[in-house]
Every structure is written in C-alpha cells, then in structure tokens.
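Structural overview for review
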Amino acid sequence: MKKYNSLKLLLAGLILITAACDTKIDAPTLSKGSADFTKYIAVGNSLTSGYADGGLYLDGQLNSFPSIIAKQMKLVGGGAFNQSLFDDAHSNGSGYLSLGGFNPNGTPILNQVTDKLAYRDAMGHFIKFTGDIENLGIPGMRLDLGAAAPTFSALNPYFERLLPDAQVGNTTYLNFIAGRSHTFFSFWLGNNDVLGWATNGGVVNNDPTKALTSKANFTNLYSAFIGTLTAQGQKGVVATIPDVTAIPYFNTVTVSAINAGLKANPQTANYSLVINALNPATGLHSPRLATSADLIILTFNTASIGVNGYGLSPLNPIKDEQVLDKDEVAIAKDYVNSYNTSIKTIAAAKGLAVFDAYAFLNQFKGAGISVDGVAASSSYISGNVFSLDGVHLTPFGYAIAANGFINSINSTYGSTIPTVNTADYRFVKFP
Amino acid sequence: MIKKLLLAACIAMPATIFAQGFQVNLQGQKQIGMAGAGAGTAMDGATLFFNPGAMVMLKENQINLGVSPLLFKSAFLKAGSNQVEHNKNEVAPPFEAYAVFGPKSGKIKFGIGAYTPFGGLVNWGNQWSGKYSLISLNLKAIYIQPTISVKLTDNIGLGAGFVYNHGSVNLQRAIPITKPDGSDSKATLDGSGEGYGWNAGIYFKTLSGVTIGIVHRSKVDTKLNNGDATFDVPTALQAGFPTKFNSSLPLPATTSLGFGFYPSQKTTIAFDANWVHWSVYKNLEFDYDNNARVADTKSPRNYSDGASLKLGINQQQTDKLALRAGVGYAFTPVKDGYVTPEAPDANRLILSAGLGYNFTSKFNLDLSFLYEGIESRKQTNLESNLSGTFKTNVYIPGIGLSYKF
C-alpha cells in the first residue's frame, strides 16, 4: 500500500498549502492627501484631555480621542504625539468615579477612587508635569477664560499643572497654544461656555466658570483662536458643540420617574415635584410644578425630596441649580445653535474640516444606534457611549468620536487615514 | 427613582445561523469531483443521498466511506479600515458513510447512510471588529437515512428514505459589558437537538440513453431544547442572566433535477439544478429561561431561496483509473443587509477535480478536491451596522473508500 501512503501525504500537503494561503482583500492605499500630519496638536477642554468618569486619570488619557487620531495619523506620516500622562504611581490622577454595584431598586452605586492620586498639596494642586506635549486639552477650559483671563492659569489646576511657576497666573490658554510650530490641529473648545451654565441649572452666582458666553463674544474669541492656530496656514479640524439635552447628565433623572415615585408612596401620593423655574417674560424665577420638559441633573439626590417638604410645595421648590428648566433648556439650545453657526462659518472661511459633534451625539438619543453590534445610546451606563459622569465619553465613545474626526479630515483633505476598530475600546467597567 | 438600568438592550442575542454557507455539498467523493452533481446518475452508494430512486440501479452491493476536511477561509475588511481580518484556521470534518445492499434480482435495494448536509465552523477570535456579532460558530447536522429503492421497470427507479437529524450548535459571542479587568463579557450557547424529515427521488433511463433524476429532500426542523446558555458577565450583573435556552434550526428543503449523459462507454456527464428552499428561514428565535436581563430574541432573516447549477464529468481513463472534473455556480439566499460573520455569504463559483482508482474489482479509492470561491461582498448589516467587505475561499480535499460485494 505504498501508493496509498503517498496519497495520504498528498492530501495532508493540500491541507497545509491551503491553510497557509490566506484569503486576500485589497486594503485601500493610505495617503495624507493635501494635509501634513507631521506635528499634530490637539486644543480643547476635558473632552480633548481624555477626561472621563468625573476625573482625569491615566486610562482615560490613554484613550483620549486625539491620541487615537494621532495613532492613525502615524500611518500617513504623522509624528510623535505626547500627552501629559500621569505616571503609574499617580495613575488615578484627580481621582474618578467607579461603579460599585447596584442598589436593590436598580440605581447604581458610585464610589470615588482615592488611591494613587496625583495631588502635590491639600489645595488640589497637581504634581507638575514637564515635557513635550501635543495634547493641549485642559479640563474646564473655556473660550472666554482661555482667551483673556491669565488668572485662570492659576485657578484651573489642570492648566497650572502644565505651567512653570513663573507663568502661573500670568499666561492665557491662547498664549499657551501659540508658537508650537504645528502642521495640523484639532480644536474642540466652547462646550463649557454653555455647559458650565447648563450643568449648574442655569445659575451663575458670580462664578466665571458657570457664565454663559455671549454669542458675539463667542464668535470673536473663536476667530481669535482659529487665527492663532492657522497663523502659518496650517490645516486642521474643528468640532461643533453638542446639544445639552443629548447627554445622560440631563436625561437620566426624569421628572416623570420622580413623580411616579411620589405617587407610589402613600405619604406623598398627592404631591408632585415643584421647581424654581425661569419666567422668560420677566427673567425672574418662580416656583411651579415640574414637567417632563424640565431636566433634572444627574447628581440630584432624589432621596432629598420630601425631607422637610423639600420639592413638594411652592414654598420649598428644589434648588435652581438642580434643574435646567424648560426655558433654560431653550436658552442653552439657542446658544449652542448660534455657537455652531459661528464655528461652521469660521471653519469654512479657513477651509478647515468640521466634525459635527452636535449631529454625532444626537444620533445616540433615545434608542440610539448599533455600532458594530454594540447598542450605543445616551442612556446612562447601559448606553456604552458616556462615562459615569454622564457628560464625558467612555473609551468606546471617544473611539467612535475619533473615527468621526478622521472621516471629516479625510473628506476635507482627500486623505485616507484609516479609522480605528472601535471594538478594541471598553465601556463602563462593571464590578 | 433614577431610571432602572436595563441592560437587555446591549445583549440582543444571536444573529444568523445558516446560509448557503452552511449547506455542505459534500456527500460523495465521486460526485464531489464532479462539482457535486449526482441527482441524475447512479455512481455509487452516495445515490442514497443524491437520488434514492437511482439507488436500485446500482449493480453491486457496496459500502462507501469518505471524509472531506474543509477549510473555510474568510477575510473581512471593515469599511474605513486598512486592517484585513481573517478567521482562524480550523478544519471541519464533513463525512459520509453509505451501505447499499439487496437481493441478486436487483428489483429492490436497501440502504442506510450517514452524512453531514449542513454544518459550519468559523472562528474569528475574540479580538476582531465584529466580535459583538460573533466570535465563533460550530454547527453540525448529522443526518442518518435508512432508505428503500425499487425498480418499477428496468428504466424507472423509485426510492425514499426517512431522515433522522442529530444537530448541535456552539455559538460564542462577545457582549459589550466591560468586566473589572477591562475585558469583554461573553455568551456561549451550546445545545443539541433532533429533527426528522425525508428524502425521495425518481430516476428514469430514457430511450435516448439520457438519465433523469428528480429528488426532493424535505425541510428538517430541528428543535434545540434546554441548551446551555453560559453568560460570562461581571458578578454585579450575573443574577438574572439565563442559563438555558431553546431554539430551532430550520434546515431547508432542496429540490433537484439532475441529468446524466453518456457520450461514450467511458464518459459520464452529470448536470444538476438545485433549488434550496431557504425562504422558510424568516426569523431566528432564541427563548431563554430567565428574561430578567436578556429578552427573548426574534431576529429577522428574510432569506430568499437559493439555487445552484452543477456540471461534472467522469472519464474512465483505464480499467483502473477514472478522472473527474466539474464546475458549478451557486446563488446566495442571503439578501443585502443580512450578511453576517457566521455566513459571509455571496454567490459562489465551484471548481472541482477528482480521481478514482480501482485496486481490485471490489476495492476502490476516490480522491477529490473542491474549491468554492465566494464572491467579495461589501455590506452593512441591518441589525449590527457592521460594515465592510467579506471574501471567502473554501478548500476541500477529500478521500473515500468503496467496497463492493
């Protein structure tokens, strides 16, 4: 049966040969198009820094959208991209929220991470970071304070962390980002010019980080920043400002759920939630019953309702800071729309790519969409896009945003930066 | 009073199971060498499968055994990406075994066969871009078919067999819930079940010498009851996940019309047209024993029917050596928007070659090699939005032994 043995060998050989030759699909040719990604800098606020779960920490930084974009840019000639990373001994940075489990009623238990923090004193100052950075995102940064308030460099600990002592209190963010000899930039700033106000229920209280930047001022300051970033004719991508109602911070604790809870309790069955709402005619606040158009903030403690009658009568409405009422929502929407019109106009004049973050986040509203089999929505925790603070994104959320940026860059500059595999990025961590 | 966290939304469970890709047309080594055509000819014991009506026309009693190690090599390029991803090299082992016997008179023949008409083995790994649609699928259907075939006249044979199916499925999929270590959760569905059906055919020898076969293999609804559902999820969520599932595998019917032409004593040409009734496959449903976190699922599939055309030639080169070749084309039942990593299906081209060698008048060896080139197909799945290009090649060497008595 010698012949039979050789036939068996032939069969085995065929299997090996076919196993070795992989099925081929031609991948697209990679090109930088008309842009130059040699030195990419990222300018912006917490979203640019990789802030997540109510804090800035190493894992969030490593998954920041600019770092994801930069990694992909390297495939078409991009250069080094450094971030102000916390080191391993201080990897939890500012500290952040972690999910500890669920209460019997299904509400999440959030814990504050307090080990491996990066503070150098008890006043909330961070250990200084020195070294080259291309990610210039500063949590809390605003257009108005960034353009014209040198004192903000001392007041904002994330900014202070990056500055030599001599510059602290003496430089603006606009100065900080200038003169970096970049060839390409991303610019996503202006969110806090409305979000700071909105997340505080539309209450300013003389706090400049809670102020609403006027529409005219926004346009001027935006032009100033873009003027600085394009001083040598550099190309870049800018992003619009998301709708405040697109984020879980405003759509998780709902008036209807609170009222249903009141009704279910015999002691409060005849009561409904009362808020202190803006009267747009007078500009003054007065108490009224809450409706589903009023947005309660995520951090509102629902257990406080009814304690000494809190929130149940016109004499004792819930605090103005805890609700963005219907007319304040309208103001926020109006400002966001105006800001975005300015952004698109200024970007068009300079030929810049625009990532429409407003449209991007709106697609996750309600039931949301499926992203490669992942249910992605603006639902808190289960929506997979937003981190535990209900404002900032999960690594997965930042990855799909990064792909949105990449697609905008590609369509504007004719480049073919490949998008990233979003399935490589995690969601909210469960215990 | 915060909205209850409903996790069900992120765990809509599994997608497609079957497609053309899971119909395995490897039921006889001689026929494989002829691109799988065999409804209109009486080559060997595999006629039990191809056309029970032709079985009675076999001259000898015989036993046929064969195996066709199958390599399903698929590639995926996600839209916008430059990374081509491949499934893992794993060999699926479709096999066939037939025994055909009857009295010397030749008026009647009995047979029993075991074969694997449906199956699939595809493993993309747990790191690829479509892992939330599928990590791996291992599907097996083993049909056992006792059969009787009678000669109505010297030129007409009728045959029918009862089909018992033992089916099993192991499906693994990543779940988008992050565990404390940052890794994915995972679902594994593992179950087996039984189904019943039939296979009947009629075979004519026409005056012109052309032979004709008409065959229908029925749908086999295979119920999977009490399968194991294993959800590897964070401990905070474990309570409320199901541990058992029920489902059913609707293995479709096939109707075939086959012809045999005999231009010379030594040459047989076979041509088959097959109609696969995939349109019965409307939905894929999974019923779980605990719906606290995962809802029962009913995923629309909406397949159309599939079809294939196959042409093969057998040339008896010498008394001992036969050479075979074939070509075929199959039309996919999977509509646009329903292509999945389990069945990255498209129309396919089939090419085959084979040889047979008679060591003695009783003992015969057959070798075959079948190639299926599944056309490149760029798709966005309607359910998952997974978007990209699939391209698959299937390589199937085969070996079979026959003993006549």
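Residues numbered from 1 in each chain as written. Chains lettered and ligands numbered in written order. Predicted model: local features only at pLDDT ≥ 70, side-chain atom pairs only at ≥ 80, totals over all residues. Heavy atoms only, no water.

**Some words on the domain arrangement of chain A**
All names here are of chain A.
- The assigned domain composition of chain A is domain 1 (40–250 + 326–424) and domain 2 (252–324).
- Distance from the C-alpha centre of domain 1 to the C-alpha centre of domain 2: 31 Å.
- Residue-level contacts link 22 residues of domain 1 with 16 residues of domain 2.
- Interface area, domain 1 with domain 2, both sides summed: about 1,500 Å², of which 63% is carbon and sulfur.
- If you sort the residues of domain 1 by the area they bury against domain 2, Tyr 249, Phe 250 and Lys 326 come out on top, with a joint share of 36%.
- At the junction of domain 1 with domain 2, the criterion picks out zero salt bridges.
- Linking domain 1 with domain 2 are four residue pairs in polar contact (both at pLDDT 80 or more).
- When contributions to the side of domain 1 that touches domain 2 are tallied by element, the ones reaching two or more residues are helix H9 (192–199), helix H11 (248–251) and helix H13 (326–350).
- Counting residues per element, the side of domain 1 that touches domain 2 draws most heavily on H13, at five residues.
- Grouping the amino acids of the side of domain 1 that touches domain 2 by side-chain chemistry returns eleven nonpolar, seven polar and four charged. (Domains from an automatic or database assignment. Contact = heavy atoms within 4.5 Å. Buried area = accessible area lost by both parts, 1.4 Å probe. Salt bridge = Lys/Arg side-chain N within 4 Å of Asp/Glu carboxyl O. Polar contact = N/O pair within 3.5 Å; in protein donor to acceptor, adjacent residues only side chain to side chain. Helix = DSSP H or I, 4+ residues; strand = E, 2+ residues; numbered from the N terminus. Nonpolar A, V, L, I, M, F, W, Y, C, P; charged D, E, K, R; others polar.)

**A word on the pattern of salt bridges**
- Counted under the stated rule, the structure contains 25 salt bridges over all chains.
- Asp 243 of chain A is paired through a salt bridge with Lys 333 of chain A; the nearest N and O atoms lie 2.9 Å apart. Of the two residues, Asp 243 of chain A sits in the loop between strand E5 (235–239) and H11 while Lys 333 of chain A sits in helix H13, which places them 90 residues apart along the sequence.
- Owing to a relative accessible area of 2%, Asp 243 of chain A belongs among the buried residues under this scheme.
- Notably, a salt bridge pairs Arg 348 of chain B with Asp 345 of chain B, separated by 2.8 Å at the nearest N-O pair. For the pair shown, Arg 348 of chain B and Asp 345 of chain B are each scored as buried. (Buried < 20%, exposed > 50% of the residue type's maximum accessible area, 1.4 Å probe, protein only.)

**Here we look at the side chain of Gln 145 of chain B**
All names here are of chain B.
- For Gln 145, the position within the fold is in strand E7 (residues 136–153).
- Within the local environment of Gln 145, its side chain forms a polar contact with the backbone oxygen of Leu 48, the two atoms lying 2.9 Å apart.
- Separated by 3.2 Å, the side chains of Gln 145 and Asn 199 make a polar contact.
- Beyond its immediate stretch of four places on either side in the chain, Gln 145 contacts Leu 48, Pro 52, Gly 111, Ile 112, Gly 113, Tyr 115, Gly 161, Phe 162, Val 163 and Asn 199.

**Describing helix H10 (residues 215–229) of chain A**
Residue and element names in this part refer to chain A.
- Counted at 1.5 Å a residue, the expected span for H10 with its 15 residues is 21 Å, and the 21 Å between its end C-alpha atoms agrees.
- Turning to H10, its buried residues are Phe 218, Leu 221, Tyr 222, Phe 225, Ile 226 and Leu 229. One side of H10 carries all its buried residues, which in axial view fall inside an arc of 135 degrees. Those residues of H10 that are exposed and angled more than 90 degrees off the buried face are Ala 216 and Asn 220. (Expected span 1.5 Å × (residues − 1). Arc of directions from axis to C-beta.)

**Digging into the environment of Ala 257 of chain A**
- Along the polypeptide, Ala 257 of chain A turns up in helix H12 (residues 255–264).
- Note: C-alpha distance between Ala 257 of chain A and Ser 292 of chain A (35 residues apart in sequence) is 9.5 Å.

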